[in-house]
Number of protein chains: 2
Amino acid sequence: MHHWKLTLAYDGTSFNGWQVQPNLPTIQGTLAAALHRITGETLLPQGSGRTDAGVHALAQVASISLATPIPATNLHYALNRVLPQSIRVLTIESVSEDFHARHSARRKTYEYRIFPRALYPRAIPPTLDRICSPMLAPYVWDCPYPLDFAALENAADYVRGTHDFTSFTAVNPDQTSRDESTSSETPEASFVRTIYHSSWHRSDGLYLYRVTGSGFLHHMVRNLVGTFVEAAARRISADDIPGILAARNRSAAGPTAPARGLFLVEVEYA
Amino acid sequence: MHHWKLTLAYDGTSFNGWQVQPNLPTIQGTLAAALHRITGETLLPQGSGRTDAGVHALAQVASISLATPIPATNLHYALNRVLPQSIRVLTIESVSEDFHARHSARRKTYEYRIFPRALYPRAIPPTLDRICSPMLAPYVWDCPYPLDFAALENAADYVRGTHDFTSFTAVNPDQTSRDESTSSETPEASFVRTIYHSSWHRSDGLYLYRVTGSGFLHHMVRNLVGTFVEAAARRISADDIPGILAARNRSAAGPTAPARGLFLVEVEYA
C-alpha cells in the first residue's frame, strides 16, 4: 500500500460538511468518488476532523492508502481534474503507514471572518450601515449588531490556556456525525482543551479571529465567536468569559455563529 | 407614482440570469418578489440589460415605479432585509418619470476575470500549474491554457472604436430571452457598437479585462475574451482580430468564455 497525506482547500457552501452521508454532497464522499474514478479503489479518506455544513477549509488534511502505484504528481493532477472546482488538492506528500490525519494531528488553527455592518455605539441610522458584497457573503458572517472591536479582543484573551470548554460545546454533541475535535489526544469524555493562540485582528474591512488549539469540540469555535460577539454588542461584558467557562454549561454562553464565516486554516503534525 | 433608480450588486452563481422565468430563480424575479412583499405591489423592475446565468454584477441598474409612498431609506433598508445576501441594493435614488434603466443607458462597463494557471510558453510540468482557490473559483475563469499576457493586450487594442461585432455575437441570438445589449440607441438589426475602452491589466494574480462601450450584443464580452484567449494561447495571432471583425461571421471568432468570470461593473447615464 502507498500512504498519502493530502492538503485540501474547499468552499463548504454547497456541501453537507466533511463526513460522508448517503445521498448528500459531502467533501469526504466527493473525494472518495474522485479516488474511485481514478484508481478503481474504494476507500474513505480520513480527515483531520469533521467540518460542519457550510464551513470552509484553506488547508484541511486527509490521509489515504492506495494499492495503485501512481506517482504523486499524476495523482495530484488527476484529482484536480476530476474534483469539482469547489475542492482543490493543494499538495500531496508520501507518508509512512503510521500517519493518520486525525490521530497524528497536534494543533489546529481556525479563522472566523466577520463583516461588521456597524461599530458600537451605532452612531448613524441603520440604513447607513455598510453593505456586504454578495461575492463576500458566502465567506463571512454579515453581522447585524454594532460591534465594539476592543471587546472582541478582550473577550478572546480569556480563552487562552487550558480550560474545560463544556460551555462552548454543542449540547448532546453527536460525536459520531459531526465533531471538530481531534479527539485522539484527550479522553473521550473530556472537554478540556488547550488554546495556544486566540486573537482578533482587522483586515480589509473584516474582523478576523484566529485560534490555535490542541483540538476543538463540536461547534466550539462558532460558540466562542457567538459569545465574543455578545460582548462586542454589549449584551454581556468581556469580563464575563471566565465565569462562562467556569459554569461548564452551554446555556451560559452565547449563540452559535453562522458556519459560513469559519475556515479551517492549518493542521499541524509532530 | 414614485420613480426609483436602484443600483444592485449580485452574485450570479445560483441564478438563471437577470430575466424573470417561470419556476427558475432569477435576479429580476427575486427583486420583484421582494418589492411585492414590502409594498404589496406587482411590478417588474427594468434592468439596464439582461445578464446571463452565472454572470455577476457590481453595479447593475434597475428602474421601478411604485404607488406606495415609502421613503428611500426605508425602501433601501427593507429590500436588503428581504432579499437574499446574494443580491444587495447599493443605492436608491429618486428619478424623473422619463428615466428608464435600459433606454436611458449611454455606456456600460464590464470586467472579465481570468485566473491564469500557467504562462505561455508552459515552462513547467502542468502538475506545477497554479491552483485556483475554491473561494475564488465562482468569480473567475480558471483558464487551463498557458497564456501570453502581451497577446491579450495586443488583441484587446483592436476592438477599440466603432465596429460591426457580428463575429462576436451569439448565433441566432434569442433577443427576447438573453441580451447584454442596450438596444435602444441602435437599430434592432445593427450589430455596430462603439467601444471606448478595451484593455487588460494584472492584479492579485488575475488577468482583468475592462471594456466600456455604447452597448453590448448577446455574449459579446465573453466571445471577445474567448477570442483574446485563443491569441494568448497562440492558437491564433492577436493580429487576426481585424480580419475576424471584418468576417462578420461568428465562426471566425473563438469560443465563448465561461459566464462565471464576467461582471457588469457600471452603467452610465446622460
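Since we're looking at a predicted model, the values are computed, not measured.

Residues and elements named next belong to chain A. Summarising burial for strand S10 (residues 262–269): 6 of the 8 residues are buried, a large majority. Both strand S3 (residues 56–66) and S10 contribute to a ladder of 2 bridges, which runs parallel. The partner of His56 across the bridge, within S10, is Phe263.

Here, UniProt's "domain: Pseudouridine synthase I TruA alpha/beta" (unreviewed entry) annotation points to residues 9–102 and 155–269 of chain A. Segment residues 9–102 of chain A splits into 26% helix and 24% strand. End C-alpha atoms: 17 Å apart.

All names here are of chain A. Domain boundaries in chain A define domain 1 (2–103) and domain 2 (107–269). With centres defined by C-alpha atoms, the gap from domain 1 to domain 2 works out at 27 Å. Contact residues are listed per partner, giving 25 residues for domain 1 and 26 residues for domain 2. When domain 1 packs against domain 2, close to 1,900 Å² is buried across both sides, 48% of that on carbon and sulfur atoms. Taken as a group, Arg50, Asp52 and His56 account for 33% of the area that domain 1 buries against domain 2, more than any other trio of residues on that side.

What follows deals with the interface of chain B and chain A. Note: interface size is frequently given as the accessible area lost on complex formation between the parts. Contact residues are listed per partner, giving 28 residues for chain B and 28 residues for chain A. Taken as a group, Gln85, Pro134 and Met135 of chain B account for 33% of the area that chain B buries against chain A, more than any other trio of residues on that side. Here chain B is connected to chain A by 0 salt bridges. At the boundary of chain B with chain A, the tally comes to 4 residue pairs in polar contact (both at pLDDT 80 or more). Broken down by secondary-structure element, the contributors of at least two residues to the side of chain B that touches chain A are strand S1 (2–10), strand S3 (56–66), helix H2 (72–82) and strand S4 (87–94) of chain B. Along the lines of polarity and charge, the residues of the side of chain B that touches chain A split into 17 nonpolar, 7 polar and 4 charged.

Time to look at the packing of aromatic side chains. A full pass over the atoms with the stated rule returns 18 aromatic pairs over all chains. On the basis of an interplanar angle of 75° and a centroid distance of 6.5 Å, the ring pair of Trp200 of chain A and Phe228 of chain A is categorised as edge-to-face. Of this pair, Trp200 of chain A sits in strand S8 (residues 192–203) while Phe228 of chain A sits in helix H4 (residues 220–232), and the two are 28 residues apart along the sequence. For the pair Trp200 of chain A and Phe228 of chain A, one class covers both residues: buried. Every member of this aromatic cluster is reached through a ring pair, and the members are Trp200, Tyr209 and Phe228 of chain A. In this structure, Arg113 of chain B packs its charged tip against the face of Phe263 of chain B, placed 3.9 Å from the ring centre. Just above the ring of Tyr145 of chain B sits the side chain of Arg235 of chain B; from NZ or CZ to the centre is 4.1 Å.

The next thing to look at is the pattern of salt bridges. All names here are of chain B. A complete count under the given rule lists 20 salt bridges over all chains for this structure. Glu93 is paired through a salt bridge with Lys5; the nearest N and O atoms lie 3.9 Å apart. With Glu93 in strand S4 and Lys5 in strand S1, this pair connects stretches of sequence that are 88 residues apart. A residue is classified by how much of its surface remains accessible, and Lys5, at 15% relative accessible area, is buried. Asp52 is the partner of Arg222 in a salt bridge, and the nearest nitrogen-oxygen pair spans 3.4 Å.

Criteria and thresholds
Along each chain, the written sequence defines residue order, and numbers are assigned to residues from 1. Labels follow written order: the first chain is A, the first ligand is 1, and so on. Given that the model is predicted, a residue must reach a pLDDT of at least 70 before its local features are reported, and side-chain atom pairs must reach 80 or more before they are shown or counted; all residues, however, enter totals for whole chains, interfaces and linings. To obtain the side-chain values, all non-hydrogen atoms of the structure were included, while hydrogens and water were left out. In this scheme, a residue with accessible area under 20% of its type's maximum is buried, one over 50% is exposed, and one in between is partly exposed, where area comes from a 1.4 Å probe on protein chains only. Think of it this way: any DSSP run of H or I at least four residues long counts as a helix, any run of E at least two long counts as a strand, and we number them from the N terminus. If DSSP finds at least two bridges between two strands, the strands pair. UniProt positions are given in the numbering used here, feature names are shortened, and annotations may be inferred rather than shown by experiment. Either an automatic procedure or a domain database provided the assignment from which the domain bounds are taken. Any two residues whose heavy atoms approach within 4.5 Å at even a single point are treated as in contact. Buried area is understood as the total, over both parts, of accessible area removed when two parts are fitted together, assessed with a 1.4 Å probe. Salt bridges are counted wherever a side-chain nitrogen of Lys or Arg sits within 4 Å of a carboxyl oxygen of Asp or Glu. Nitrogen and oxygen atoms within 3.5 Å of one another constitute a polar contact, given that in protein one can donate a hydrogen and the other can accept it, and given that sequence-neighbouring residues count only through two side-chain atoms. Note on residue classes: Ala, Val, Leu, Ile, Met, Phe, Trp, Tyr, Cys and Pro are nonpolar, Asp, Glu, Lys and Arg are charged, and everything else, Gly too, is polar. Aromatic rings from Phe, Tyr and Trp, with only the six-membered ring used for Trp, were paired whenever their centres fell within 6.5 Å, and each pair was classed as stacked if the ring planes differed by under 30 degrees, edge-to-face if by over 60, and tilted otherwise. Whether a charge sits over a ring depends on NZ of Lys or CZ of Arg being within 6 Å of the ring centre and within 35 degrees of the ring normal.

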